[in-house]
Each structure stands twice: as structure tokens, then as C-alpha cells.
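Single-letter residue listing:
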Amino acid sequence: MIRLRRSASAAALTLAAVTATVLGLAGPAAAHVTVNPKEATQGSYGRFAVRVPNESDTASTVKIEVNLPENAPVGSVSTMPVPGWTVAVEKRKVDPPIEVHGSQLTEAVSKLTWTAAAGGGVKPGEFQEFPISLGPLPQVDKMVFKTLQTYSDGNVSRWIEEPTPGAEEPENPAPVLTLTAAAASPSAAPAAGAPAAKDDDDDDDAGSTAVVLGVAGLLAGLGGLALGGLAFARTRREPTPKS
């Protein structure tokens, strides 16, 4: 009985350890800062939300700094007011300029910083979304938004690690927006081997030719009948030779 109890206790401890490990791995992966939706089309405009969960049990998130990628500048960046927060926009020079609606822009937004009002912020167990509008989206495969999350106790979470395809997710992954190429517009040219459209003028010409040929044939027939009649009449008037 003692051995059975010891075995059961060991099994329970092992199960608890495995459960704790699984939960410990799953927790952080589901709690990092993200951008939503996670996919968009190159060259388009879109509305996105930077989603910030609060990971601390005792402190509030009071500041969010989102850095836009330097290798993929965006011509138009705008924010939506978030109650209890103010936003600061930083810009940088870009060379070559960005063309937006025929205009050459020499500056692009490089950083967005949201700061909570005194006593506010994202409380423990809560999350907050910060809406932004971006466009036209650059001709790149992805945009990586390295983000800093500052808590009321002074701690800072640095979501700056770029995920690598096929590898495990890093401990502090940066928000990533995946961009896909725009679908090619269908061609207006007829498919190969398709019959060419029939011209109405060709139909009219063919019809006219058929009418002319028909009238000519009728006149020829009438002429033949007339000649035949004259020959027959002439034969009737000539005397029959005597034997």
C-alpha cells in the first residue's frame, strides 16, 4: 500500500509539473502586443488596431511606443482618438520620396506614442486597442512594428524581436503585418482560339450580294424563255416543204 501511495503521489507531482510547464509556455504567447488584422494587400489602405494586453498583476500599462519600419515607409498615417490617452507623432526624412496620389512626400511617420492620463492606463487583466489608418501599404512582404510597453511601476516590456518563419516564436515577438500582392486584373483580350466577332457590315454586304445574284438569275431565266418563244413562233410561220 505504501508503494502504491508513493507511486500515485509521484504521478500527481509529475502531472502538476507538466501542466504548469504547458500553461507557462502558453501564457506569454497569447499575451504579447499584436496588430489586427494580421494580413493586408500591398498598395491598399487599411484600418488596423494595435492590441495591448496588460501582463502585470500589480501595475497598469501607461505608455505604448510603436515604431514603424524604416524599410517600409507609409505615406499616410492617422490615428483615432482613444479616451484617456494622448498620442504623439514623430516623423523622419525619407529618400527617395514617397509618391501618394501624384504628390512626392519627403517625410513619413516613424513613431507613434500613446500616453495614459494620470491615474489611467490598462489595468491588470484588461487590454486596450489603439486604432490607426495606414496607406498606401508598401510593396514588401511584411511590416514589423517594434513596440515598447511601459508600466506604472517603471517596468518596460520590449516587443522588438522579429519572428523567423519555421522557427519557434521568440520570447518578445514584435507585432507583424503580413502583406500580399494585389491580384492581377482580368484581361479584356479574347481568349486564344475564340471565334472573332462577326461584323454586321459583312452581313449586310453578303445579303446585298445575294439579292443582286438572285435578280440577275431571274432576268437570265426570263430572257431564255423569251428567246424560246420567238423560235417557236418562227417555226410555226415557215411553210412546210412539199415532197
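Residues numbered from 1 in each chain as written. Predicted model: local features only at pLDDT ≥ 70, side-chain atom pairs only at ≥ 80, totals over all residues. Heavy atoms only, no water.

The name given to the protein chain in an unreviewed UniProt entry is YcnI family protein, with Micromonospora humida as the source organism.

Draft legend 1. Quick look at the pattern of salt bridges. Counted according to the given criterion, the structure contains five salt bridges. Here Arg51 and Glu129 are joined by a salt bridge, their closest N and O atoms 2.7 Å apart. Of this pair, Arg51 sits in strand S3 (residues 46-53) while Glu129 sits in strand S8 (residues 127-135), placing them 78 residues apart in sequence. A salt bridge links Lys142 to Glu162, with the shortest nitrogen-to-oxygen separation between them at 3.0 Å. Remark: Glu162 occurs in the loop between strand S11 (156-159) and strand S12 (176-180) and Lys142 occurs in strand S9 (residues 142-144); sequence separation between them is 20 residues. Through salt bridges with shared partners, one network takes in Lys63, Glu65 and Lys111. (Salt bridge = Lys/Arg side-chain N within 4 Å of Asp/Glu carboxyl O. Helix = DSSP H or I, 4+ residues; strand = E, 2+ residues; numbered from the N terminus.)

Draft legend 2. Molecular detail of the sheet that holds S8. Read across the sheet, four strands follow the order S1-S3-S8-S5 without closing on themselves; strand pairing throughout is antiparallel. Edge positions in the sheet fall to strand S1 (34-36) and strand S5 (76-79), since each of these pairs with one other strand and no more. Neighbour-to-neighbour, the strand axes of this sheet turn through a mean angle of 30°, independent of strand direction. Relative to S8, S3 runs antiparallel, the two sharing eight bridges. Its bridge partner being in S8, Ala49 is matched across the sheet by Pro131. (Pairing = 2+ DSSP bridges. Axes fitted to C-alpha atoms, helices over the stretch in contact; angles between N-to-C directions.)

Draft legend 3. Fine view of the pairing of strand S6 (residues 85-100). Alignment of S6 against strand S7 (residues 103-116), held across 12 bridges, turns out to be antiparallel. Looking at the pairing, Val89 lines up with Leu112 of S7. With antiparallel pairing between neighbouring strands as the criterion, S6 and S7 make up a hairpin whose turn holds two residues, including His101 at a positive phi of roughly 55°.

Draft legend 4. Looking closely at the packing of aromatic side chains. The full count for this structure, using the stated rule, is two aromatic pairs. Taking 5.0 Å as the distance between ring centres and 85° as the angle between the ring planes, the aromatic pair formed by Trp85 and Phe130 counts as edge-to-face. Placement of Trp85 in strand S6 and of Phe130 in strand S8 is noted, with a sequence separation of 45 residues between them. Plain terms: the ring middles of Trp114 and Phe130 are 5.0 Å apart, the flat faces sit at 40° to each other, and that makes the pair tilted. Here Phe130 lies in strand S8 and Trp114 lies in strand S7, a separation of 16 residues in the sequence. Each member of the pair Trp114 and Phe130 is classed as buried. (Phe/Tyr/Trp six-rings, centres within 6.5 Å; stacked < 30°, edge-to-face > 60°. Buried < 20%, exposed > 50% of the residue type's maximum accessible area, 1.4 Å probe, protein only.)

Draft legend 5. View of the nonpolar core. Counting residues in hydrophobic clusters, the biggest one holds 27 residues, and the most contacted among them are Phe48, Trp114, Phe130, Leu134, Met143 and Leu177. Per-element tally for this core: the top contributor is S7, with four residues. The residues contacting Leu177, other than those within four sequence positions of it, are Val35, Pro37, Lys38, Glu39, Ala40, Phe48, Asp141, Lys142, Met143 and Phe145. (Core = buried A, V, L, I, M, F, W, Y, C linked by side-chain atoms within 4.5 Å. Contact = heavy atoms within 4.5 Å.)

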